[in-house]
Amino acid sequence: MNCIFDLDGTLLDTLNDLAASTNYALRAFGLPERSRDEVRRFVGNGVRRLMEQAVPDGTAYPRFEEVLAAFREHYLHHSMDMTQPYPGILPMLTRLKREGHATAVVSNKFDAATKSLCSHFFGTLIDVAIGESERIRRKPAPDTVLEAMRQLGADCKHSVYVGDSDVDIATAAACDIPCISVLWGFRDRDFLVAHGATTFITRPEEIFDIVLGGDEA
């Protein structure tokens, strides 16, 4: 089975660093800061959308592009200050690789940060990492997941997407692959159910019961 993962809220708890970079950029322009919970609600659709919601008046703010650039620059240098894998993630990825299953990360985080974080925290445990870039449509469009599958030599029949948000549910549907929704991330069960989630895990190791049960029978 090919397991394709979201990053923020799924493999990595990135919220503290995202909030810190958001507030750094807002402070730099004399704008009001945002709470950690507000930033939690803003993430999932890429950094531009995050900052559109964090900045008063969004893109109508005259210096919006400068604020966004300040966030990007700060986050590139501080994306690992407080970020860590969720408990159980590294053992889960290690077992997937040991048992011969391909792995990928597809994120709406910008591509440089996605690749840097995956390399630093996961090394060879992740085969392919793809983030947001100008050359490909971001989630929930299927493009990035399909590109990951192409690089893995995978097909829809033998792939699953694992994420923590409504964006991930919609992305999996657009690719016609199953979605596993994790309950340790940035959205709760009620929110996910309201957006069509049907399969849940509360601990990383539960992925084997759902995805690999048939392989181990």
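Further up the page is the structure itself.
Thresholds applied
- Residues numbered from 1 in each chain as written.
- Predicted model: local features only at pLDDT ≥ 70, side-chain atom pairs only at ≥ 80, totals over all residues.
- Heavy atoms only, no water.
- Core = buried A, V, L, I, M, F, W, Y, C linked by side-chain atoms within 4.5 Å.
- Buried < 20%, exposed > 50% of the residue type's maximum accessible area, 1.4 Å probe, protein only.
- Helix = DSSP H or I, 4+ residues; strand = E, 2+ residues; numbered from the N terminus.
- Contact = heavy atoms within 4.5 Å.
- Polar contact = N/O pair within 3.5 Å; in protein donor to acceptor, adjacent residues only side chain to side chain.

1. Side note on the nonpolar core
Counting 52 residues, the largest nonpolar core has Phe5, Met51, Phe122 and Ile207 as the members making the most contacts within it. The element best represented in this core is helix 4 (residues 64-78), accounting for 6 residues. With near-sequence residues (within four places) excluded, phenylalanine 122 lies in contact with Leu7, Leu11, Leu12, Pro85, Ile89, Leu90, Leu93 and Leu117. Counting residues in hydrophobic clusters, the runner-up holds 20 residues, among them Val145, Ala148, Ile177 and Leu192.

2. Topic: the side chain of aspartate 6
By the secondary structure assignment, aspartate 6 is in the loop between strand 1 (2-5) and strand 2 (12-13). Since its relative accessible area comes to 6%, aspartate 6 is described here as buried. Among the polar contacts made by the side chain of aspartate 6, one reaches the side chain of lysine 139 at a distance of 3.0 Å. Non-local contacts of aspartate 6, meaning those with residues more than four positions away in its chain, are made with Leu11, Val106, Ser107, Lys139, Tyr161, Val162, Gly163, Asp164 and Asp168.

Read these as spatial facts, not as claims about activity.
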